[in-house]
Amino acid sequence: MKRIMKFIAAVSALIVAASCIREGDSKSGDLGVGDLIPDFSVEMNDGSVVTGEQLREGISFIMFFNTGCPDCAVTLPHVQKIYDEYAQKGVRFALISREEEYSTVSIYWKNRNMTMPFSAQPTRVIYNLFAESRIPRVYICKDGVIKAIFTDNPNPTYDDMDSVLKELI
């Protein structure tokens with residue numbers, strides 16, 4: 001019985017890890033540096049609404065994640081630190097889950113003392129406006145133009161994201 005449970009746990013871990021990549025590297029449908037962020041609207045966990053139009057004003061930081069993704073788990077603490085430093089400087093943040101329910105993200109945030117607002121999206125509708133595969137996916141934009149993109153190869157560090165934001169401010 002223990003062998004079966006270990007096998008099930010191993011298969012489950014592989015499925016979660018594979019969900020971070022799904023279709024491999026970037027495809028032609030992915031937005032790139034120099035592209036404009038698309039129109040969209042999401043409700044955040046604090047009840048506010050964030051739109052593409054709002055994020056096209058000034059500097060914005062958009063991240064797509066899933067709390068079951070190991071690479072996202074590595075990146076999110078760095079993003080929390082970025083949020084703590086840059087939200088007070090006027091950078092707009094939109095952390096958007098991919099294929100994940102509100103309760104799952106909310107519990108994850110609470111267990112890790114995260115304070116960043118998030119939008120839980122049970123589908124890929126918003127994500128697919130930006131990309132076809134790969135999470136975590138971070139977009140740093142100025143006046144709606146994507147200036148930097150970070151994915152899981154390699155996972156972005158605080159210093160990676162901080163250096164781009166410092167150049168834009």
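Described in the following lines is the structure provided in the data block.

Conventions adopted
- Each chain has its residues counted from 1, running along the sequence as written.
- Note on the predicted model: pLDDT of at least 70 is required for a residue's local features to be given, and 80 or more for side-chain atom pairs to be given and counted; whole-chain, interface and lining totals, by contrast, use all residues.
- Just so you know, side-chain values use all the structure's heavy atoms and leave hydrogens and water out.
- We define a salt bridge as a contact between a side-chain nitrogen of Lys or Arg and a carboxyl oxygen of Asp or Glu at a distance within 4 Å.
- Per the convention used, a helix needs a DSSP run of H or I reaching at least four residues, while a strand needs a run of E reaching at least two, with both numbered from the N terminus.
- Following DSSP output, two strands are said to pair if at least two bridges run between them.
- The contact criterion used is simple: two residues touch if any of their non-hydrogen atoms lie within 4.5 Å.
- Here the axes come from fitting lines to C-alpha atoms, over the contacting stretch only for helices, and the angles between their N-to-C directions go from 0 to 180 degrees.

## Some thoughts on the pattern of salt bridges
Charged atoms that come close allow side chains of opposite charge to pair. One pass over the structure, following the stated rule, counts 7 salt bridges. The closest approach of N and O atoms between Arg137 and Asp30, which form a salt bridge, is 3.6 Å. Taken together, the residues span a long stretch of sequence, with Arg137 in strand β6 (residues 137-142) and Asp30 in the loop between α1 (2-19) and β1 (41-43) at a distance of 107 residues.

## Points about the sheet that holds β6
Strand order in the open sheet formed by 5 strands is β5-β4-β3-β6-β7, and the pairing between neighbours is mixed. The two strands at the open ends of the sheet, each matched to only one other strand, are β5 (118-119) and β7 (145-150). By the bridge criterion, 5 bridges tie β6 to β7 in an arrangement that is antiparallel. Of the residues in β7, the one forming a bridge with Cys141 is Ile146. Sitting on the sheet, helix α6 (residues 158-168) touches β3 (59-65), β6 and β7, and the angle it makes with β6 is about 10 degrees.

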